[in-house]
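# Structural features, examined
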Amino acid sequence: MTILVKGWRGGGLSVAPSFALLAAIVGMTAGGIGDAPAQQPACRGDNGGLTLSPGFCATIFADNLGHVRHLVAAPDGTLYANTWSGRYFPNAPPPPGGFLIALKDTTGGGRADVVQRFGVTVEAGGTGGSGVALYHDALFAEENGRILRYPLAPGKALPIGPPTVVLSDLPLTGDHPMHPFVIDAKGELFVDLGSATNSCQFQNRIPNSPGHNPCTEKETRAGTWRYDANKTGQVFSPKERFVSGLRNGEGFAFDDAGRLLATQHGRDQLFQNWPQFYTAAQSADLPAEELVQLVPGADYGWPECYYDQEQNKLVLAPEYGGDGKAIGVCADRQAPVAAFPGHWAPNDLAIYHGTRFPAGYRGGAFIAFHGSWNRAPLPQGGYNVVFQPLADGKASGPFVVFADGFAGAYKDPGRAAFRPTGLAEGPDGALYVSDDVHGRIWRVTYNEDGADKVAPAPAPAPAVATTAPGMAAPPEGTHPDAGRSTPPLPTPPGDTVGQVALGDRIFHGEASDGTCSGCHGSDGGGSTVGPPLDSGHWLWSDGSLPGLTATIENGVAHPKQYQGVMPPLGGAPLSPRDVAAVAAYVWAVGHAGKP
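Residues numbered from 1 in each chain as written. Predicted model: local features only at pLDDT ≥ 70, side-chain atom pairs only at ≥ 80, totals over all residues. Heavy atoms only, no water.

### Here's the deal with the nonpolar core
By size, the foremost hydrophobic cluster in this structure holds 23 residues, and its most contacted members are Phe56, Phe357, Phe366, Val385, Phe402, Phe406 and Val444. Elements that contribute at least two residues to this core include exactly strand E4 (56-62), strand E25 (365-369), strand E26 (384-388), strand E29 (400-404), strand E31 (431-435) and strand E32 (441-446). In this view, Phe406 contacts Leu50, Tyr383, Asn384, Val385, Ala417, Phe418, Pro420, Val433 and Trp442; residues no more than four positions away in its chain are not counted. In terms of nonpolar packing, the next biggest core, distinct from the first, is built from 21 residues, Leu533, Ala572, Leu574 and Val586 among them. (Core = buried A, V, L, I, M, F, W, Y, C linked by side-chain atoms within 4.5 Å. Buried < 20%, exposed > 50% of the residue type's maximum accessible area, 1.4 Å probe, protein only. Helix = DSSP H or I, 4+ residues; strand = E, 2+ residues; numbered from the N terminus. Contact = heavy atoms within 4.5 Å.)

Laid out in structure tokens, this is it:
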């Protein structure tokens, strides 16, 4: 029996030699993934707060681990996780110990009873990372611009020696400093280097700023690079580039035929930067998030092109002369295998190789969507795991939402309870899903007779019921923050309650195509993109009405601590009256609860 582990496949099916015996033992004692599906006990509990496709159950495998990013499962059932700190999580110190975690369920209860931290610590200058993989008796992990190799031995979850540096000097600047990676059976190491900018503009994320042509950023960013996992001491350079034009790859996986698939985060701010070509509603769902097949030397479009899922084609970006319809150079760029709604943020990918799940899931792609921040005026989206059926390397049907309910009451980056980030298939065919907000990992299993078809998960129950059974919906519809509970806000000197209320509506995208809550959170509590507005600490002014007004009018082209560049007026068509109202609302949020 052969057990496949993320990072140990590609080109052909294989297993790292010293784990082969362990793999066979796991297969015999736990019902190997080559066996026919067997009905399991009925689901217990509430599936860890999730809703799942029919026949599936979930348990909370581990919790409160820090900012868990990617996962990989060993043949003996040990699950390894990489966690991350640094500037993406500035207000949340990691748990003590190293950034890597080994977890194991030794009782069969669906929860890890062994949790061991190791690796580089904060005290040693570590920040952790996203990428993690297994290959030839070793665990490989991203750590602060490097990929490290930790030697392993059968029967031992923790490394048996210090790490060696496989690859160093990976760029850490700009919008996407993470480096997910995967390793094939031959030891080819494919690593993602996301773009440093949104769309290679002369002024990043600023309205009407054209794109660099050529975009020299692509020489060292926005693509996949190939190295050798069997070697140490390699140093990043442009010459090892494998493919280009991937704005932010994040998820990698090999299918049964050895094809390498990857996800792509689409670009942001079409309407905010180019309102002459796009409406706010168009920009909320454009461009598509993508699943692509990586072909050596191919270019997947960024920044000159993006994929429009409504037109089913790559179109020219406005920074390069596009108007939402022109194709131009995009005729020669590589289109995706499958497309998904805009701004959902695909953070990991797993191809299902086992047989524990029904036949319709085998060989298909699970994708973890981290969740959007910039879909206003539409509700934020993602915060789920979807399943995309595949056949012969292509989409063979529409995707379905496989697991939902991660965000809880608020699909909002500042207040989401959990955000899916990593995926891994265990040796027994279970699917693991990680979260990088509170550090939870779920274990998803199939518990029926195998007859279930690929079908979507039930929608999570709304936090607040907006209509009674049989009643018509309100004619104005329901906003995702409808019913949000906030204390009464103070009124700035010289302003009115009505002006604060107008600023509230603009802030939350309910008027004037406002975009503020996407970066600062719907409660003003901040996110990884924008700072909190309710702390009383101001980065760009003294917090006075004139100071806030000037910041809104001028924008923030070079953030001090956060990732989000703020265009003038937040990239929205705000009038002077609107600016005054937003400033009044932000002042009120900053003074709420203060004497």
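### Brief notes about the pairing of strand E7 (residues 100-104)
With four of five residues buried, E7 lies mostly within the body of the structure. Here strand E6 (residues 79-83) pairs with E7 via four bridges, running antiparallel. By the bridge assignment, Tyr80 is partnered in E7 with Ala102. (Pairing = 2+ DSSP bridges.)

### Looking at the packing of aromatic side chains
The tally for this structure, following the rule as stated, stands at 29 aromatic pairs. With a centroid separation of 4.9 Å and an interplanar angle of 55 degrees, the aromatic rings of Phe366 and Phe387 are classed as tilted. With a gap of 21 residues between them, Phe366 in strand E25 and Phe387 in strand E26 connect regions that are remote in the sequence. Residue classification places Phe366 among the buried residues on the basis of a relative accessible area of 0%. Through a chain of ring-to-ring contacts, three or more aromatic side chains come together here, namely Phe56, Tyr352, Phe357, Tyr361, Phe366, Phe387, Phe402 and Tyr446. Taking the ring centre of Tyr410 as reference, the NZ or CZ of Arg415 above it sits at 3.6 Å. (Phe/Tyr/Trp six-rings, centres within 6.5 Å; stacked < 30°, edge-to-face > 60°. Lys NZ or Arg CZ within 6 Å of the ring centre and 35° of its normal.)

### Side note on the sheet that holds E32
With respect to topology, four strands assemble into an open sheet ordered E4-E32-E31-E30, the strand pairing being antiparallel. Where the open sheet ends on each side, the last strands, each with one partner, are E4 and strand E30 (420-425). With strand direction ignored, the average angle separating the axes of adjacent strands in the sheet is 25 degrees. Across five bridges, E30 lies against E31 in antiparallel orientation. Each residue of the ladder has a partner; that of Gly422, found in E31, is Ser434. (Axes fitted to C-alpha atoms, helices over the stretch in contact; angles between N-to-C directions.)

### Digging into the pairing of strand E14 (residues 188-193)
E14 sits mainly inside the fold: five of its six residues count as buried. Of the strand pairs in this sheet, strand E13 (residues 181-183) and E14 are connected by three bridges, and their pairing is antiparallel. Bridge pairing in E14 links Ile183 to Leu189. Taking the residues that link successive antiparallel strands as the turn, the E13-E14 hairpin has four residues, and the phi of Gly187 there is positive, at about 95 degrees. Strand direction decides the pairing type here: E14 and strand E15 (residues 223-228), joined by six bridges, are antiparallel. Across the sheet, residue Phe190 finds its bridge partner in E15, namely Arg226.

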